[in-house]
Amino acid sequence: MTHRRAFYFKFQQHRTQLKLELETRNPMAAKDGGDVSSKIALYSYWQSSCSWRVRFALKLKGIPYEYKAVNLGKGEQFTPEFEKLNPLHKVPVLVDGDVVVSDSYAILLYLEEKYPQRALLPADPQRKALNLQVASIVSSSIQPLHMLSILKLLEEKVGPQERLLFAQTNIEKGFLALEKLLKDFVGKYATGEEVYMADVFLAPQIAAAIERFKIDMSKFPTLSRIYESLNALPEFLATSPENQPDALH
Amino acid sequence: MDMAQAHQENKLKIYSYWRSSCSCRIRIALNLKGLEYHYIPVNLLKGEQFSPEFQKLNPIGYVPVLVDGDMVISDSLAIFMYLEEKYPQQPLLPSDLQTRALNFQAANIVCSSIQPLQNLAILKYIEEKVSPDEKIPWAKFHIEKGFEALEKLLKDHAGRYATGDEVFMADLFLAPQIHAGIKRFNVDMVKFPLLSRLNEAYNELPQFQNAMPEKQPDAPSA
């Protein structure tokens, strides 16, 4: 087995093992978002990594929410009801009483202000800024460049081989920069010994890089270590795509 | 060290490129908050962002970078949030949580859905892999898609400015993007009446105008 495949296989094994443990502990724990609260609803799609960021944050903060599946494959984002919530037809959308927030970064900053328990931004200004920067690198410099719509466009304009190549090139460019950026700050997690905003953005991004784009993570030792820590968190596992109510198996 | 020199040393520094819309956002913020700063140009076309000195400041090689004493902050959103917290004069976020969220959302539409799809790196890629003639149409397509989204998002909330009657974060992110769309990418603003109206409002504010690319020290002379 090549080094890369062994690496990928190890992550998958670990994920499956932890899933079994979680299900044994509480058969319902992996399936729903905790007690259904009349307060917060999250419109989400199981495979959306932007939705995963918010699910992960809600879980870390211990905020119960109602999971509202939006089937993007069936065009449910274009229904009149959903359009009223988000005229941009995107998930995730958070509804908290009268407040409706779209865009994962905006939602996370809202949650951080409204529900300060289990803070996701450190108090120290330099580390706070670093977390916001990492979140921006993921949400602006990496994720938009491997969205399905862009890859399809490039396939048309350049050729079918370009889809994967473009996605991989940009992910690796971003990961290389993150390696340099984080190496002086990394602890057990991205910016120290606690899970913060950077980790919330990194974890789903690295998962996508490994599983959808076959990135060789051995080139990124700092990110690999961070991911190993995050992949051991029940909150991360419980909010992963395959454990969502709308997951297709 | 005399007082003038000390004052100079204590000034904020911004590493910026004249045409970088991300840098422009922060130039506007600094102007609105009345903060003096040293302008340090980084010529992206000449690859100065890859110099060892700049890589130490920001390994991803992007501008802007803000230096405030010992603090070094990269990324316009991170810099914005830092300035907002450290220099609370002329607040650039409203107190109401829903309107704050709207500002973050509008800013992110620019940061994630528009600007990364028309920055130098991707235009170079399109030029090489598709054709030089495809650069402008590619950028125009993505900017217009983003502008359509912003029109929808803001139409029930805009006042004199994007999210009400005061200048807030959304305006700082919108103004440079609209400017770039018009000046460089042939965006047809007739399709975007709200953004057109906002742009006119920004054109009347010296803090916005003085931050625009053509007014920067490293802009090519006419």
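This one's a predicted model, so the numbers in the text were calculated from it and none came from an experiment. (Residues numbered from 1 in each chain as written. Chains lettered and ligands numbered in written order. Predicted model: local features only at pLDDT ≥ 70, side-chain atom pairs only at ≥ 80, totals over all residues. Heavy atoms only, no water.)

Colleague: How do you make sense of the overall build of chain B when you look at a structure like this?
Modeller: Looking only at helices and strands, chain B features ten helices and four strands. The order of helices and strands in chain B, counted from the N terminus, is α-β-α-β-α-β-β-α-α-α-α-α-α-α. Here the C-alpha radius of gyration of chain B, 17 Å, is about what a compact globule of 222 residues would show, namely 17 Å. If one aligns the C-alpha atoms of chain B with their principal axes, the spans along those axes are about 55 × 45 × 30 Å. In chain B, which comprises 222 residues, the share counted as buried stands at 58%. Counted over contacts in chain B with a minimum sequence separation of 6, partners at least 24 positions apart contribute 67%. Carbon and sulfur atoms form 52% of the exposed surface of chain B, whose accessible area is close to 9,900 Å². Looking at charge distribution, chain B has the averaged site of its 23 positive side-chain charges lying 4 Å from that of its 27 negative ones. (Helix = DSSP H or I, 4+ residues; strand = E, 2+ residues; numbered from the N terminus. Rg over C-alpha atoms; globule rule 2.2 N^0.38 Å. Buried < 20%, exposed > 50% of the residue type's maximum accessible area, 1.4 Å probe, protein only. Contact = heavy atoms within 4.5 Å. Areas by Shrake-Rupley, 256 points an atom, 1.4 Å probe, with all protein chains shown as cover. Lys, Arg positive; Asp, Glu negative; His and termini not counted. Charge placed at Lys NZ, Arg CZ, Asp CG, Glu CD.)

Colleague: Got a minute to help me understand unusual backbone geometry in this structure?
Modeller: Backbone torsion omega between A:Val91 and A:Pro92 reads 0 degrees, so that peptide bond is classified as cis. Locating A:Pro92 in the fold gives a position in the loop between α3 (80-85) and β3 (93-96). Going from B:Val63 to B:Pro64, the amide bond is cis rather than trans, its omega being 5 degrees. As for its position among the elements, B:Pro64 is in the loop between α3 (52-57) and β3 (65-68). Positive phi values are uncommon outside glycine, yet A:Arg118 reaches one of about 50 degrees. Inspection of the secondary structure puts A:Arg118 in the loop between α4 (104-114) and α5 (125-142). With a relative accessible area of 29%, A:Arg118 lands in the partly exposed category.

Colleague: Is there a simple way to explain the environment of B:Asn103 in this structure?
Modeller: Residue and element names in this part refer to chain B. Inspection of the secondary structure puts Asn103 in helix α5 (residues 97-114). It is 16 Å that separates the C-alpha atoms of Asn103 and Ile114, two residues lying eleven residues apart in sequence. Aside from chain neighbours lying at most four places away, what touches Asn103 is Leu93, Pro94, Thr163, Phe168, Met169 and Ala170.

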